[in-house]
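# Coordinate analysis (summary)
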Protein chains: 2
Amino acid sequence: MDGNHAPHSNQHQPSPERDGSFSYDIESMDGGGGGGLRGAASEALLRFDDDDSGGGPREPLLRKRTMNTTSQIAIVGANVFPIESLDYEIVENDLFKQDWRSRKKKQIFQYVVLKWALVLLIGLLTGLVGFFNNLAVENIAGFKLLITGELMLQNRYFVAFLAYGGCNLVLGATAAAICAYIAPAAAGSGIPEVKAYLNGVDAYSILAPSTLFVKIFGSILGVSAGFVLGKEGPMVHTGACIANLLGQGGSRKYHLTCNWLKYFKNDRDRRDLITCGAAAGVAAAFRAPVGGVLFALEEAASWWRSALLWRTFFTTAVVAVVLKALIEFCRSGKCGLFGQGGLIMFDLSSNIPTYGTQDVIAIIILGIIGGVFGGLFNFLLDRILRVYSIINERGAPLKILLTITISIITSACSYGLPWLAPCTPCPVGSMEECPTIGRSGNYKSFQCPPGHYNGLASLFFNTNDDAIRNLFSRGTANEFHMSSLFVFFTAIYCLGLLTYGIAVPSGLFIPVILAGATYGRIVGTLLGPMSDLDPGLFALLGAASFLGGTMRMTVSVCVILLELTNELHMLPLVMLVLLISKTIADCFNKGVYDQIVVMKGLPFMEAHAEPYMRQLVASDVVSGPLISFSGVEKVGNIVQALRITGHNGFPVVDEPPLSEAPELVGLVLRSHLLVLLNGKNFMKDKVKTSGSFVLRRFGAFDFAKAGSGKGMKVEDLDFTDEEMEMYVDLHPITNTSPYTVVETMSLAKAAVLFRSLGLRHLLVVPKTPGRHPIVGILTRHDLMPEHILGLFPNLRKSH
Amino acid sequence: MDGNHAPHSNQHQPSPERDGSFSYDIESMDGGGGGGLRGAASEALLRFDDDDSGGGPREPLLRKRTMNTTSQIAIVGANVFPIESLDYEIVENDLFKQDWRSRKKKQIFQYVVLKWALVLLIGLLTGLVGFFNNLAVENIAGFKLLITGELMLQNRYFVAFLAYGGCNLVLGATAAAICAYIAPAAAGSGIPEVKAYLNGVDAYSILAPSTLFVKIFGSILGVSAGFVLGKEGPMVHTGACIANLLGQGGSRKYHLTCNWLKYFKNDRDRRDLITCGAAAGVAAAFRAPVGGVLFALEEAASWWRSALLWRTFFTTAVVAVVLKALIEFCRSGKCGLFGQGGLIMFDLSSNIPTYGTQDVIAIIILGIIGGVFGGLFNFLLDRILRVYSIINERGAPLKILLTITISIITSACSYGLPWLAPCTPCPVGSMEECPTIGRSGNYKSFQCPPGHYNGLASLFFNTNDDAIRNLFSRGTANEFHMSSLFVFFTAIYCLGLLTYGIAVPSGLFIPVILAGATYGRIVGTLLGPMSDLDPGLFALLGAASFLGGTMRMTVSVCVILLELTNELHMLPLVMLVLLISKTIADCFNKGVYDQIVVMKGLPFMEAHAEPYMRQLVASDVVSGPLISFSGVEKVGNIVQALRITGHNGFPVVDEPPLSEAPELVGLVLRSHLLVLLNGKNFMKDKVKTSGSFVLRRFGAFDFAKAGSGKGMKVEDLDFTDEEMEMYVDLHPITNTSPYTVVETMSLAKAAVLFRSLGLRHLLVVPKTPGRHPIVGILTRHDLMPEHILGLFPNLRKSH
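Cut-off values and rules
- Residue indices follow the written sequence of each chain, beginning from 1 at its first position.
- Just so you know, chain letters begin at A and ligand numbers begin at 1, following the order they were written in.
- Only residues with pLDDT of at least 70 are given local features in this predicted model, and only at 80 or more are side-chain atom pairs given and counted; all residues enter the totals for whole chains, interfaces and linings.
- Note: side-chain values were computed over all heavy atoms of the structure, leaving out hydrogens and water.
- UniProt positions are given in the numbering used here, feature names are shortened, and annotations may be inferred rather than shown by experiment.
- Labels follow the DSSP assignment, with helices taken as runs of H or I lasting at least four residues and strands as runs of E lasting at least two, numbered in each case from the N terminus.
- Exposure classes here rest on a 1.4 Å probe applied to the protein chains alone. A residue is buried below 20% of its type maximum, exposed above 50%, and partly exposed in between.
- Here, two residues are considered to be in contact whenever any of their heavy atoms come within 4.5 Å of each other.
- Note on areas: these come from Shrake-Rupley sampling with a 1.4 Å probe, and a residue is covered only by the protein chains present in the view.
- Least squares is the method used to superpose the copies, on C-alpha atoms of residues holding a pLDDT of at least 70 in both.
- We define a salt bridge as a side-chain nitrogen of Lys or Arg found within 4 Å of a carboxyl oxygen belonging to Asp or Glu.
- Identification of polar contacts relies on pairs of N or O atoms within 3.5 Å, with a donor-acceptor requirement for protein atoms, meaning one able to donate a hydrogen and the other able to accept it, and with residues adjacent in sequence counted only if both atoms are side-chain atoms.
- Here the nonpolar group is Ala, Val, Leu, Ile, Met, Phe, Trp, Tyr, Cys and Pro; Asp, Glu, Lys and Arg are the charged ones; every other residue, Gly included, is treated as polar.
- A pair of strands is treated as paired once DSSP finds two or more bridges between them.
- Helix axes are fitted only over the stretch in contact, all axes being lines through C-alpha atoms; the angle between N-to-C directions runs from 0 to 180 degrees.
- Each residue carries a pLDDT score, the predictor's own confidence in it, on a scale running from 0 to 100.
- Buried residues of nine kinds, namely Ala, Val, Leu, Ile, Met, Phe, Trp, Tyr and Cys, make up a nonpolar core once their side-chain atoms join them within 4.5 Å.
- Patch criteria: residues need more than 30% relative accessible area and no salt bridge. Like-charged residues are merged within 9 Å; nonpolar side chains of Val, Leu, Ile, Met, Phe, Trp and Tyr are merged within 5 Å.
- Stacked, edge-to-face and tilted labels apply to pairs of Phe, Tyr and Trp rings (six-membered ring for Trp) whose centres lie within 6.5 Å, assigned for plane angles under 30 degrees, over 60, and everything in between, in that order.
- A ring has a charge above it when a Lys NZ or an Arg CZ is no more than 6 Å from the ring centre and no more than 35 degrees off the ring normal.

The name an unreviewed UniProt entry assigns to chain A is Chloride channel protein, from the organism Lolium multiflorum. UniProt lists a comment for chain A under the heading Subcellular location (unreviewed entry), and it reads "Membrane". Here is the UniProt Sequence similarities (unreviewed entry) comment for chain A, exactly as written: "Belongs to the chloride channel (TC 2.A.49) family."

Okay, here's the thing in structure tokens:
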């Protein structure tokens with residue numbers, strides 16, 4: 001590998017910052033990948049065991065006991081998860097071209113129709129699951145509240161608490177048990193994982209059928225158990241799982257496969273379907289079709305096309321139709337305790353809200369509060385997750401124990417704290433029933449005498465959806481005492497933080513909306529008659545401000561809230577409050593989902609390059625030396641390379657006598673090599689063939705990507721010694737058009753290229769002639785800030 | 001330039017389709033660009049005079065009298081417009097790096113604050129212009145209708161016609177005159193031009209201040225003149241013009257510049273601002289903030305980022321606030337004849353529409369009708385524009401004459417056709433006034449006796465906005481006779497086609513909505529009592545179907561219509577109808593805006609590569625031989641090259657003694673060369689300098705891009721003979737990190753790279769060592785289907 005790294009040409013002027021570290025090149029080169037990674041390891045970047053390709057043969061680095069023990073991966077209790085990069089590049093090899101030429105119009109038509117059918121199916125299923133989720137939660141939680149209420153009516157308060165707390169405990173423990181034993185990946189929100197997947201990072205089993213199962217039932221149990229968590233994040237994950245399952249043609253493990261769906265066995269089509277699934281999840285959770293599309297666009301997806309917009313919208317519309325039809329069906333009372341279904345609260349009050357200067361000032365204050373509380377929430381959540389991870393890492397029983405602890409605390413709060421609140425006489429002339437005992441209602445009786453209600457119980461002793469509806473309700477200005485609201489806010493803020501890390505599918509939307517709506521209502525009540533706006537609308541604005549402060553989403557949050565409340569006239573105010581809270585919170589830290597992505601060690605690539613990358617060139621970070629194959633390679637060499645490395649791409653270089661001078665043919669993928677080797681059409685001599693037998697024997701679909709974790713492995717292959725000495729022609733399966741950059745290319749621009757095109761491998765070619773035709777391969781890992789700053793610690797100052 | 005084009009290496013297997021045309025390489029190479037273009041010229045692609053860079057010295061090709069005479073550019077009556085490519089690549093040269101290092105936090109803060117301020121300002125101004133437009137139109141048109149109505153009341157029917165037709169004629173002729181003489185580029189919708197701009201094509205003066213002026217006033221006059229055209233397209237163009245004007249820091253021509261805005265003197269920031277402007281335009285036209293964002297996303301923009309979503313949304317929210325405040329102000333009656341303002345029609349009827357199977361079938365039929373009529377509309381529009389172009393090309397007077405002719409036809413239709421309709425007795429118990437004489441109202445008196453109204457006059461003898469409102473109105477099932485609706489549909493369909501090509505700012509939304517709503521109402525009336533849906537809702541669905549059939553937008557149309565009518569419950573039906581009509585119409589032809597983009601000869605790049613490009617490699621289409629500079633080049637050579645070519649980028653190659661072997665340094669831009677030459681710091685000898693004097697004398701902002709058409713020209717520079725013999729060091733201003741592809745790269749993948757990164761120049765480097773280090777430069781032109789199919793006509797078969 002001599003000569004691979006020539007001295008920098010004089011056009012590339014070393015910047016002052018770099019002068020001090022001129023020895024790194026040699027070091028990282030000599031070390032052969034492992035050396036180059038020394039800095040990265042100390043930066044505790046999770047090494048992806050099966051990705052990368054540029055480095056020399058090396059053992060997969062074991063995960064060090066450093067910062068990463070605090071990762072969510074640890075929290076969900078698994079061992080080292082393999083993280084795989086996705087590949088959106090079209091492999092243009094001879095096989096692909098032959099296939100393209102022979103592809104008939106009928107096949108293209110099939111593909112288009114199937115894609116639409118899949119999108120329709122994703123919408124249908126996600127809508128059904130969303131409805132089922134609501135139905136189950138409202139029935140289970142309603143039944144629980146009904147029993148407790150009845151017992152309280154009989155003044156058997158302690159028995160009521162035991163019944164209430166017992167129900168919560170059993171439900172919560174069951175949720176934690178299925179999560180810990182069946183699919184640890186289903187814990188948490190799921191939005192960070194989906195976001196990372198759509199960025200090109202596939203964490204193990206994150207979209208597997210078992211995860212889907214646990215996500216659905218764990219979420220139902222968790223929400224029913226009265227935890228301060230939501231079903232919204234899990235619904236997004238559920239939608240993505242459904243899309244993945246449909247896209248990969250069912251599950252091979254459970255013998256549910258469909259050959260028709262071979263067209264979608266590639267990362268590009270899967271990405272599109274999963275984007276649709278994520279949008280469908282939001283649409284099902286909030287019944288907000290436009291909000292779902294915008295969520296997918298703003299938060300989830302990393303790549304976007306105009307065609308995708310239409311497909312996503314179609315999916316969410318299907319969800320809306322399904323939900324509407326099912327709720328219409330339930331209106332006849334056939335669905336048990338099922339009410340209006342979830343969060344929806346069309347307040348068909350036709351009076352248009354008006355507002356004055358004092359309201360705008362109050363809203364600016366709300367925005368500031370939201371920003372500060374949001375930043376603080378993210379900071380505290382980060383710390384708490386780190387503590388939890390230590391507990392969760394010790395195995396499933398401890399996970400369940402943690403969940404039980406949180407469940408008891410939650411039950412104690414939601415049953416105990418309402419006793420602090422005074423009984424208030426029912427308002428005269430209210431349209432709503434007062435007081436109520438059952439599962440819902442704005443005025444809960446709790447311990448109060450007839451004709452009185454307990455304001456705090458209306459918030460605590462309820463499903464989260466109903467509590468939000470009560471906070472948002474208009475025309476109920478004096479329903480809640482100030483003190484009740486303060487108590488509720490403090491409790492929810494703390495419980496929200498404590499609950500997220502437990503081993504239960506748990507969304508963050510609901511706790512955040514609850515806490516935000518509460519302080520919004522506090523501000524509204526404080527302003528009182530000075531304001532033209534109803535406290536219910538202030539609650540809406542408060543929820544918006546806290547969402548902006550934690551999640552840092554803007555357009556989608558805005559549209560979701562407006563679709564939820566049907567208050568289009570509030571648009572400018574909601575935008576103002578979001579703008580302020582997001583801007584303020586951005587001064588402190590990153591959005592909560594981005595923070596969790598980092599904590600999980602998922603190598604997420606931002607759309608823009610970091611500024612310090614402009615001071616480096618591509619060859620600065622590439623880890624060498626390379627393993628490259630000849631165009632016609634000995635089987636033994638290939639098998640050996642596949643066994644000792646985890647690389648997924650290998651450059652193919654023709655050397656004399658195959659060509660006049662060493663010449664880069666292209667890039668060959670590990671998965672394609674395995675399929676080719678499995679065919680066992682080897683040759684005795686090292687001569688170039690026409691490749692026709694490969695083209696005859698294989699179709700492009702034979703090289704299609706299997707579902708994650710289901711591909712062929714090199715250990716599955718077995719060769720005789722004779723076969724190992726034979727040759728195989730790699731030309732037909734080599735991608736002859738890999739994307740390349742010259743070694744002196746600015747790293748920032750190489751990173752933009754890598755990210756814009758969704759690459760997995762980017763070949764670095766030498767600038768000066770007469771050298772080996774390839775310098776190295778850039779992968780996602782090489783472009784991670786942790787890796788780069790590990791190699792060049794002095795860039796950190798200027799960072 | 002020998003050896004530039006080696007025989008294809010054996011990895012690149014020629015496909016059967018290509019075998020027949022193996023002589024093209026040599027041909028196109030020998031011909032030196034001109035030869036390579038032979039095919040393209042016959043394909044009548046407009047040659048961009050000042051773009052491109054790869055080819056040899058050649059005269060700009062004059063536009064041929066072929067298909068292009070039918071272009072809209074011809075229609076708007078200009079001579080050859082220079083079309084310039086935009087460049088979104090970050091030029092990473094030494095100057096940039098120095099500047100980046102010295103850039104202070106304060107500057108970055110300034111940049112961010114200024115960008116937000118600009119976005120706010122765009123929203124404010126677009127909102128104001130949108131309101132002013134509505135105000136002026138409603139007052140002028142209202143006054144016109146009032147006079148005519150009064151005259152008709154006195155039974156002076158012929159005088160009434162003269163007054164009506166005369167007003168229309170004067171208004172129309174004035175609009176055509178200012179358009180033809182001041183800014184021909186302001187004719188038409190403007191959406192295709194904005195779309196092309198955001199794709200990276202800057203047509204001359206398309207966003208100039210004069211265009212803005214004519215667009216605003218021409219649109220007001222045109223709409224007031226009663227033409228069948230809308231203000232929506234022009235509003236998009238207006239928003240983009242405002243954004244451009246603000247972004248380039250005012251107009252230097254009119255001495256309105258602001259030095260603060262130097263940060264935005266680059267194509268990337270301008271693109272962002274113009275996207276916001278386009279969204280603001282839609283928001284102002286339809287008062288649909290979310291619809292505006294989605295329009296910008298779906299139809300206008302070619303590149304999209306998450307940050308942009310938030311900025312666009314902020315702009316449209318500002319527009320919404322401004323409009324709301326102004327309309328609130330007008331409610332007190334201070335705005336003359338101004339009514340509720342534009343199209344908005346919040347039908348606060350709280351009864352949720354229900355629908356059965358027969359309705360769904362009717363809606364499917366509507367979708368089919370919309371698809372067929374939409375495809376036919378686009379086809380006919382294409383033909384009519386070709387005929388008009390012959391007329392419009394002959395100069396301004398003929399343009400005005402054409403406009404006058406159309407004005408007379410329109411007046412005759414809208415005044416004459418209502419006489420065909422019978423007088424209908426006013427409905428009993430209607431909440432609306434019946435009959436009315438003035439400018440608006442659902443029941444127009446026209447020639448009818450008291451207590452009767454003329455249904456056809458309610459549609460024809462009205463502003464277009466009011467006609468749409470009447471068609472959409474609910475609870476007026478039998479207002480219009482079947483025959484009236486048929487007559488109206490036929491007239492509007494034909495007038496819409498005839499009107500678009502005239503030299504007046506004219507949007508297509510209104511004619512399309514009018515025609516669609518009419519046949520929707522026909523279907524609704526036909527179904528009558530069989531249906532649960534109101535004919536007004538069928539009109540909405542009809543409008544959606546025709547919009548889907550012509551414009552092929554989906555999500556944005558859907559959201560705009562729903563925001564307009566506040567009928568969120570109609571979402572699934574609107575989506576269904578759009579899906580069907582778009583799918584059917586796509587079988588016939590392209591969307592109307594895409595069609596106009598092609599017709600105008602604007603080199604629009606699609607996001608996906610054409611399938612036949614997979615059979616070609618990058619070097620197949622590159623036009624050579626090159627003009628390249630040495631790293632230290634003689635001034636005379638540079639001036640010569642700049643004078644004889646129109647190229648905008650030149651490769652810089654260091655040759656011995658500057659380097660050991662010929663080596664590519666990078667790419668230097670024409671505009672940067674001009675600034676450097678203007679500095680006149682030349683050297684006596686050909687030696688490499690440290691470049692420090694350049695770095696001392698210039699800052700990166702000196703090389704910032706001027707507003708379109710305002711940059712320095714080579715003709716402006718003057719050199720003595722002595723200076724021409726001196727040398728200048730190009731290294732400091734050379735972009736050392738240009739994007740490159742290897743010559744054997746699949747053309748499809750090169751095109752995707754080019755498009756994804758928004759490049760202007762893509763360098764093609766040789767695959768085999770020992771050759772000149774650069775094969776050629778790919779530009780937008782080289783990737784146009786017309787060019788490629790001109791070079792390889794036999795690919796057309798498989799196309």
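## Overview of the overall build of chain A
Along its length, chain A carries 31 helices and 14 strands. Sorting the 799 residues of chain A into buried and exposed places 65% on the buried side. Put simply, of all contacts in chain A between residues at least 6 apart along the chain, 80% involve residues at least 24 apart. With the model as given, the accessible surface of chain A reaches about 27,600 Å², and the carbon-plus-sulfur share is 62%.

## Some words on the relation of the copies chain B and chain A
Its rotation angle being 180 degrees, the transformation that places chain B on chain A also includes 0.1 Å of axial translation and leaves an RMSD of 0.1 Å. Considering both components of the superposition, the chain copies are consistent with a two-fold axis. Proximity to the rotation axis, assessed at the C-alpha, singles out Pro769(B) in chain B; its C-alpha lies 2.8 Å from the axis. When you check the interface residues of chain B against chain A, 100% turn up at the interface there too, and the contact is symmetric in its surfaces.

## A closer look at the interface of chain B and chain A
Contacts between chain B and chain A engage 80 residues on the former and 81 residues on the latter. Residue Glu89(B) is joined to Lys749(A) by a salt bridge in which the shortest nitrogen-to-oxygen separation is 2.7 Å. Our count for the chain B to chain A interface comes out at 16 residue pairs in polar contact (both at pLDDT 80 or more). Take the side of chain B that touches chain A: its biggest share by element is eight residues, from helix H13 (residues 306–330) of chain B. Of the residues belonging to the side of chain B that touches chain A, the class tally is 44 nonpolar, 21 polar and 15 charged.

## Some details on the UniProt feature "domain: CBS" (unreviewed entry) in chain A
Under the UniProt annotation, the feature "domain: CBS" (unreviewed entry) is placed at residues 733–794 of chain A. Between the C-alpha atoms that bound residues 733–794 of chain A there is a distance of 43 Å. The span itself is 29% helix and 16% strand.

## Things to note about unusual backbone geometry
Look at Asn155(A): it is not a glycine, yet its phi comes out positive at around 60 degrees. Judged by its relative accessible area of 54%, Asn155(A) falls in the exposed class.

## Regarding the sheet that holds strand S14 (residues 776–778) of chain B
Residue and element names in this part refer to chain B. What the three strands build is an open sheet, ordered S12-S13-S14; its pairing is mixed. Edge positions in the sheet fall to strand S12 (740–742) and S14, since each of these pairs with one other strand and no more. When the angles between neighbouring strand axes are averaged without regard to direction, this sheet yields 35 degrees. Examined bridge by bridge, strand S13 (residues 762–765) and S14 share three bridges and lie antiparallel to one another. What sits directly across from Val764, in S14, is Gly776.

## Re the confidence of the model for chain A
Taken residue by residue, chain A gives an average pLDDT of 80. The fraction at 70 or more is 82%. Below pLDDT 50 for its whole length, residues 1–81 of chain A participates in 198 contacts with residues either more than four positions away or in separate chains.

## Quick word on the sheet that holds strand S9 (residues 649–654) of chain A
Residues and elements named next belong to chain A. If you trace the three strands from one edge of the open sheet to the other, you get S7-S9-S10, paired in mixed fashion. Edge positions in the sheet fall to strand S7 (629–630) and strand S10 (663–669), since each has one partner strand and no second. Across the sheet, helix H26 (residues 670–679) is in contact with S7, S9 and S10; its angle to S10 comes to roughly 80 degrees.

## Notes on the pattern of salt bridges
In total, this model carries 36 salt bridges over all chains according to the counting rule given. As a salt-bridge pair, Lys115(B) and Asp272(B) come within 3.3 Å of each other at their nearest N and O atoms. Of this pair, Lys115(B) sits in helix H6 (residues 105–153) while Asp272(B) sits in helix H11 (residues 267–286), and the two are 157 residues apart along the sequence. Given the relative accessible area of 5%, Asp272(B) is considered buried. Within the structure, one salt-bridge network assembled from shared partners comprises Lys115(A), Asp269(A), Asp272(A) and Arg305(A).

## Considering the nonpolar core
Phe313(A) and Phe313(B) are the most contacted members of the largest nonpolar core, which totals 323 residues. If one sorts the elements of this core by residue count, H13(B) sits on top with twelve residues. The residues touching Phe313(B), leaving out its near neighbours within four places in the chain, are Val555(A), Cys558(A), Val559(A), Leu571(A), Met575(A), Pro289(B), Val290(B) and Val293(B). Grouped together as the second largest cluster of nonpolar side chains are 60 residues, Met745(A), Ala609(B), Leu616(B) and Leu783(B) included.

## Some remarks on a nonpolar patch on the surface
All names here are of chain A. On the surface, Leu120, Leu121, Leu124, Leu125 and Leu128 cluster together to form a nonpolar patch covering roughly 360 Å² of accessible area. By the secondary structure assignment, Leu120 is in helix H6 (residues 105–153). Leu120 gets classed as partly exposed once you look at its relative accessible area, which sits at 35%.

## Describing the packing of aromatic side chains
Where two aromatic rings form a pair, the distance of their centres and the angle of their planes describe that pair. All names here are of chain A. A complete count under the given rule lists 56 aromatic pairs over all chains for this structure. Residues Phe446 and Phe461 carry aromatic rings whose centres are separated by 5.2 Å and whose planes lie at 75 degrees to one another, so their mutual orientation is edge-to-face. Of this pair, Phe446 sits in the loop between strand S5 (423–425) and strand S6 (452–454) while Phe461 sits in the loop between helix H16 (455–460) and helix H17 (464–472); the two residues are 15 residues apart in sequence, bridging distant segments of the chain. There is no split in this pair, since Phe446 and Phe461 are both buried. Feature note: the residues Tyr157, Phe161, Tyr164, Tyr415, Trp419, Phe446 and Phe461 constitute an aromatic cluster, connected by ring pairs. Above the ring of Tyr88, the side-chain terminus of Arg271 is found at 4.1 Å from the ring centroid.

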